[in-house]
Amino acid sequence: MDKPLLAFCSPHYGPVETEVYHNHLALMTKASRTFDVKMIGVTDKMYLHTASNELVRGALEGGIDYVFWTENDMLPPVDALEKLYANRKDICGGLYFLRGDGDDSYQPCVYVRSDDYVEDLSYGFIPWSIVPENTVEKVDAIGMGCVLIKVDVFRKLKAMFPKDPWFDIGENMCGQDMYFYKKCWDAKIGVYVDTSVQCEQLDKRTRTSIDGYRRWLTSPGAKARGFIPWTKTEKPWGARQKV
């Protein structure tokens, strides 16, 4: 049986840390057991939405089956692609946390749409308040740091929105990833997160990880923002808790 064709894509803007470079090589090596890695798309000094659109066009022209997206500060586990592919979803990504300082250091990069929130710079997406571990959950948006996408998704979006790009900062000046997931929402394309695929995000000042998130949950900053720990007996996740 032929392996599905994979494009490994990582649009960059700036240098890549040595640790990230080694990690991505290990990812591709491990992925070659499941996929035929036919395309490696790495860009530099291009706007991310422009670079991402070019990579999609390359995948379509190359007859690729799946595109794996990552970024130049991401350290996914080496078995990430195998795990994500095993879920057989159109869009399935791993878990990571937005880097930053103070109270925003451990915001999960996983979002749902809520009618209770006015459309704003996030297209109505709000972050998870609690993270259930080691499960596959249907959500509405994730980042582009560790996500496996069927190329048919891009074909469907182009058929439904022929005049629109796949990625853009949009009229709301939102990130290219939220623009893409809003299009998926409109097209009723399912988005899933596999929280057993736990990534680290690297920065010169900080390094976010699931272990750091567990520690942060007990901090005063987390409680002030309404994040509460998830327990096995309940899962009140999916919207920021009211405080």
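Anyway, here's the lowdown on the structure attached to this text.

Reading the values: rules and limits
- Residues numbered from 1 in each chain as written.
- Predicted model: local features only at pLDDT ≥ 70, side-chain atom pairs only at ≥ 80, totals over all residues.
- Heavy atoms only, no water.
- Helix = DSSP H or I, 4+ residues; strand = E, 2+ residues; numbered from the N terminus.
- Buried < 20%, exposed > 50% of the residue type's maximum accessible area, 1.4 Å probe, protein only.
- Contact = heavy atoms within 4.5 Å.
- Phe/Tyr/Trp six-rings, centres within 6.5 Å; stacked < 30°, edge-to-face > 60°.
- Lys NZ or Arg CZ within 6 Å of the ring centre and 35° of its normal.
- Core = buried A, V, L, I, M, F, W, Y, C linked by side-chain atoms within 4.5 Å.
- Pairing = 2+ DSSP bridges.
- Right-handed = clockwise from strand over helix to strand, strands pointing away.
- Patch = residues over 30% accessible without salt bridge, like charges linked within 9 Å, V, L, I, M, F, W, Y side chains within 5 Å.
- Areas by Shrake-Rupley, 256 points an atom, 1.4 Å probe, with all protein chains shown as cover.
- Salt bridge = Lys/Arg side-chain N within 4 Å of Asp/Glu carboxyl O.
- Axes fitted to C-alpha atoms, helices over the stretch in contact; angles between N-to-C directions.
- Disulfide = S-S within 2.5 Å.

### Some details on the side chain of Thr195
Here Thr195 lies in strand E13 (residues 191-198). Given a relative accessible area of 0%, Thr195 falls into the buried group. Those residues within four positions of Thr195 in sequence are excluded, and the remaining contacts are Leu95, Trp128, Val131, Pro132, Glu133, Asn134 and Thr135.

### Some thoughts on the packing of aromatic side chains
Note on aromatic pairs: each is described by the distance of the centres and the angle between the planes. This model, assessed by the stated rule, comprises 11 aromatic pairs. Among the aromatic side chains, those forming a connected cluster through ring pairs are Trp69, Phe154, Trp166, Phe167, Phe180 and Tyr181. The cationic tip of Arg113 hangs over the ring face of Phe125; the distance from NZ or CZ to the ring centre is 5.6 Å.

### As for the nonpolar core
Judged by nonpolar contacts, the single largest core of 69 residues is most densely connected at Trp69, Ile91, Phe180 and Tyr181. Ranked by residues supplied to this core, first place goes to helix H5 (residues 176-186) with 5 residues. Every residue in contact with Ile91, bar those within four places of it in the chain, is listed here: Val147, Leu148, Ile149, Val153, Phe180, Tyr181, Cys184, Ile189, Gly190, Val191 and Tyr192.

### Observations regarding the pairing of strand E1 (residues 5-11)
With respect to burial, E1 is a largely interior element, 6 of its 7 residues being buried. Inspection of the sheet shows E1 paired to strand E2 (residues 36-43) by 7 bridges, in the parallel sense. Its bridge partner being in E2, Ser10 is matched across the sheet by Val42. Tracing the backbone out of E1, into helix H1 (residues 18-31) and back to the parallel element E2 gives a crossover that is right-handed. Relative to strand E3 (residues 66-70), E1 is paired through 4 bridges, and the arrangement is parallel. Along E3, the bridge assignment pairs Ala7 with Val67.

### Topic: the sheet that holds strand E11 (residues 141-142)
Strand order in the open sheet made by the 3 strands is E9-E8-E11, with antiparallel pairing throughout. Either end of the sheet is taken by a strand with one partner, and the two such strands are strand E9 (125-127) and E11.

### Brief notes about a nonpolar patch on the surface
Nonpolar side chains collect at one region of the surface, where Val16, Tyr21 and Leu25 lie side by side and expose about 260 Å² of accessible area between them. Summarising the element assignment, Val16 is placed in the loop between E1 and H1. Judged by relative accessible area, which is 33%, Val16 ranks as partly exposed.

### Remarks on the pattern of salt bridges
This model, assessed by the stated rule, comprises 7 salt bridges. In this structure, Asp164 and Lys183 form a salt bridge, with 2.7 Å as the shortest nitrogen-oxygen distance. Placement of the pair is Asp164 in the loop between helix H4 (151-160) and H5 and Lys183 in helix H5, with a sequence separation of 19 residues. Since its relative accessible area comes to 27%, Asp164 is described here as partly exposed. With relative accessibility at 13%, the residue Lys183 sits in the buried group.

### Looking at the sheet that holds strand E5 (residues 91-95)
If you trace the 7 strands from one edge of the open sheet to the other, you get E2-E1-E3-E12-E5-E13-E10, paired in mixed fashion. Sheet topology places E2 and strand E10 (136-139) at the edges, where each strand pairs with a single neighbour. The sheet shows a mean angle of 20° between the axes of neighbouring strands, direction not considered. As paired strands, E10 and E13 are joined by 4 bridges and run antiparallel to one another. Along E13, the bridge assignment pairs Val139 with Val191.

### Observations concerning unusual backbone geometry
Of note in the backbone geometry, Arg88 takes a positive phi value of approximately 55° without being a glycine. The exposure class of Arg88 is exposed, given its relative accessible area of 52%.

### So, the state of the cysteines
As enumerated under the stated definition, the model contains 0 disulfides in all. Counting only cysteine sulfurs, Cys199 is the nearest neighbor of Cys146, a cysteine outside any disulfide, at a range of 3.7 Å. Overall, the relative accessible area of 1% leaves Cys146 in the buried class.

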